[in-house]
Amino acid sequence: MYTPKGATMIGSNGVNLLLLGVWEIAGGLLASLIFRVTHAQEFGQATPPGMVQKCACEFLGVFVLVFTVVCQSLSGAAFGATSIACSLMVMIYATGPISGGHLNPAVSFALALSEKMKWSEVPVYWITQLMAGILAGFMACSLFTDTVDVAPKDTYSGWHAYLAETLYTFMLCFVVLNAAGSKRNNSPTDGNNFFALAIGFVIIAGGNAVGRVSGAAFNPAVAIGLDLSSHQKGVGNGFLWTLFELVGAGIAAAIYRDVRPEDYGNESDLDTYKPALLSKLLSEFLGVFFLVLTVGLNLCNGSAVTAWSAAAALMCMIYSLGDVSGAHFNPAVTLACMASGRDLINTFDGLAYMVVQVLAGVIAGCLYSVFHRSSLKETSPITLTPGDGFSIYQAGMAEFAATALLAYIVLSCATVAHAGSQKTKNSFYFALCIGSCVTVGGFAVGAASGGELNPAVAAGIATASSVFQPGGQSAPMANFVTLGLYELAGGLLGAVAFQATHAKQYVDVCAGSAL
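In every chain, residue numbers begin from 1 and rise along the written sequence. Since the coordinates come from a predicted model, pLDDT governs what is reported: local features require at least 70, and pairs of side-chain atoms require 80 or more to be given and counted, while whole-chain, interface and lining totals use all residues. Heavy atoms throughout the structure, all of them, feed into the side-chain values; hydrogens and water do not.

### Some words on the overall build of the protein
Link 1 in the chain: When its secondary structure is counted, the protein shows 18 helices and zero strands.
Link 2 in the chain: We take the radius of gyration over the C-alpha atoms and set the globule estimate at 2.2 Å times the residue count to the 0.38 power. Taken against the 2.2 N^0.38 rule, which gives 24 Å for 515 residues, the C-alpha radius of gyration of the protein at 24 Å falls within 12% of a compact globule.
Link 3 in the chain: Based on the C-alpha atoms only, the size of the protein along its principal axes is roughly 65 × 60 × 50 Å.
Link 4 in the chain: Throughout, the Shrake-Rupley method with a 1.4 Å probe supplies accessible areas, and for residues the shown protein chains are the sole cover considered. For the protein, the exposed surface amounts to about 22,100 Å²; the carbon and sulfur share of it is 67%.
Link 5 in the chain: Separation of charge centres in the protein, based on 20 positive and 28 negative side chains, amounts to 4 Å. Only DSSP runs of H or I covering at least 4 residues are called helices, and only runs of E covering at least 2 are called strands; the numbering of each starts at the N terminus. Think of it this way: Lys and Arg go in the positive column, Asp and Glu in the negative one, and His and the chain ends go nowhere. Note that the charge is assigned to NZ on lysines, CZ on arginines, CG on aspartates and CD on glutamates.

### Thoughts on the state of the cysteines
Link 1 in the chain: Note on disulfides: each one is a pair of cysteine sulfur atoms within 2.5 Å. For the structure shown, the criterion picks out zero disulfides.
Link 2 in the chain: Lacking any disulfide linkage, Cys55 is separated from the closest cysteine sulfur, that of Cys57, by 9.5 Å.

### Points about the environment of Val481
Link 1 in the chain: Mapped onto the elements, Val481 comes out in helix H17 (residues 477-501).
Link 2 in the chain: Here the alpha-carbon distance between Val481 and Ala459, two residues 22 residues apart in the chain, equals 8.9 Å.

### Considering a nonpolar patch on the surface
Link 1 in the chain: Together, Leu240, Leu243, Val247 and Ile251 give the surface a local cluster of nonpolar side chains, amounting to about 300 Å² of exposed area.
Link 2 in the chain: Within the secondary structure layout, Leu243 lies in helix H9 (residues 237-259). Residues form patches when they are more than 30% accessible in relative terms and have no salt bridge. Like charges link within 9 Å. Nonpolar side chains (Val, Leu, Ile, Met, Phe, Trp, Tyr) link within 5 Å. For salt bridges, the criterion is a side-chain nitrogen of Lys or Arg within 4 Å of an Asp or Glu carboxyl oxygen.

### Here we look at helix H16 (residues 455-467)
Link 1 in the chain: Between the first and last C-alpha of H16 there are 18 Å, a value that for 13 residues agrees with the 18 Å anticipated at 1.5 Å per step.
Link 2 in the chain: Taken across its 13 residues, H16 has 11 buried, putting it largely inside the fold.
Link 3 in the chain: Using a 1.4 Å probe on the protein chains alone, a residue whose accessible area is under 20% of its type maximum counts as buried, one over 50% counts as exposed, and one in between counts as partly exposed. Within H16 the residues assigned to the buried category are Pro455, Ala456, Val457, Ala458, Ala459, Gly460, Ile461, Ala462, Thr463, Ala464 and Ser465.
Link 4 in the chain: Looking at the buried positions of H16, the neighbouring elements they touch are helix H10 (277-300), helix H12 (331-339), helix H13 (347-372) and H17.
Link 5 in the chain: Where H16 begins, the side chain of Asn454 points an oxygen toward the backbone nitrogen of Ala456, at a separation of 2.8 Å. The span you would expect from a helix comes to 1.5 Å times its residue count less one. Contacts are assigned to residue pairs that have any heavy atoms within 4.5 Å of one another. Side-chain atoms alone can form a polar contact between residues adjacent in sequence; in general such a contact is a pair of N or O atoms within 3.5 Å, and within protein one must be able to donate a hydrogen while the other accepts it.

### Side note on the pattern of salt bridges
Link 1 in the chain: All told, the structure shown has seven salt bridges when counted by the stated rule.
Link 2 in the chain: Among the ionic pairs, Asp263 bridges to Lys116, the shortest N-O distance being 2.5 Å. Placement of Asp263 in the loop between H9 and H10 and of Lys116 in the loop between helix H4 (105-113) and helix H5 (122-144) is noted, with a sequence separation of 147 residues between them.
Link 3 in the chain: According to the relative accessible area criterion, Asp263 is buried, its value standing at 3%.
Link 4 in the chain: Between Arg184 and Asp323 there is a salt bridge; the shortest N-O distance is 3.7 Å. Taken together, the residues span a long stretch of sequence, with Arg184 in the loop between helix H6 (158-181) and helix H7 (195-210) and Asp323 in helix H11 (residues 306-325) at a distance of 139 residues.
Link 5 in the chain: The structure contains a network of salt bridges with shared partners spanning Arg184, Arg260, Glu262 and Asp323.

As structure tokens, then:
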């Protein structure tokens, strides 16, 4: 009805509508046909899914993922990592009941190492996944008449890219093992509904953190598919990426055994199993380490969505490790749990948590400072200072309020019986709510204080700015102490607010003690 002056239109609106409608209807019919193949049980097949169905699911899932990666990369659309994460998430939910929804040779490797998959199936899965990745790469590149090469980005070297792929492939495989493979966290008799959400959000965390370092493949099918489809620019990096991705998967499988030794013991003991303190501390270390690393790498690479990426990292690690340590990942949250009573955590364990959390933040800060030295922002200091126009006390009050909200949400969503369906003991929303607090606080008060909401994150940033000081600029360590105290005070306020609003929790505890 309206065509802007000077605009040219190929074909009439009616013809274009008809053509696009035909393609869309054909897509719906193709989806119906594929569903009949992959989900034959829905049409009366009594036997469990066979290898043909599993391979069909893996092929389809990887194809959609790699096609999305290439299209997103070449179109340059906003929220690229989120788009890719969503494609992975929905395909895992769709294919998980049939093939396990691996969609990644590194994931299959980690599952086999962890005795969650038969080794005899690994080669078949790998071949299927790689074929799908290569085909999707060529088809997407043909659509855009351009290619996406696999290489270190911007000013980074190959070793930066290898380290990035190792670290975040580790995180991806570790989340898969804990959220989907754990006998306690995803019991065959009481499975969770969050596994694919947790896995997909690793891509939001890692994609925004190291997309400008390595391209953020975290998947040999992606790396090799892109490498071969961009053969005009050279071939080889995709196979190097694959090597380090498999190393990350192997480390994830090894550490998984330390975090969840119950998976390799007597299954009759799972209902009464209580994690040892060392497993809890390792859990807290890993959660804080990847949270601080993700924050720091986003800052190094000038990301506009640091809070969103950090929230994703926090959320997926909470889903993975919530039933191990409680997944506090924050000294202020640990203090809130201690102050709220109800025997959530004793004083000794709480203090041990805090020490390990700060240590993990410091180590992650040292590591991301290595990337800062080679980033495009190497001349720009990343310090723990108030935003322009704000004093340290205004920044502290912002941290106090946002951390209080975070602590209150943790206590209200992760330490009480969950609302909703009682068909499963697994809460779907607890980690999503906690991670969303970082999105809220990070964007709302980030301009004033940086939006750390966590003394361990503050410790990591303060350490990194001391290790690498562009132009000799560094914030005083007193800022870490000041902001950290405000954050701890926020945790205490969250505990007080929880006691006021959830008084019934304390009545129930007293009644239980009397019995």
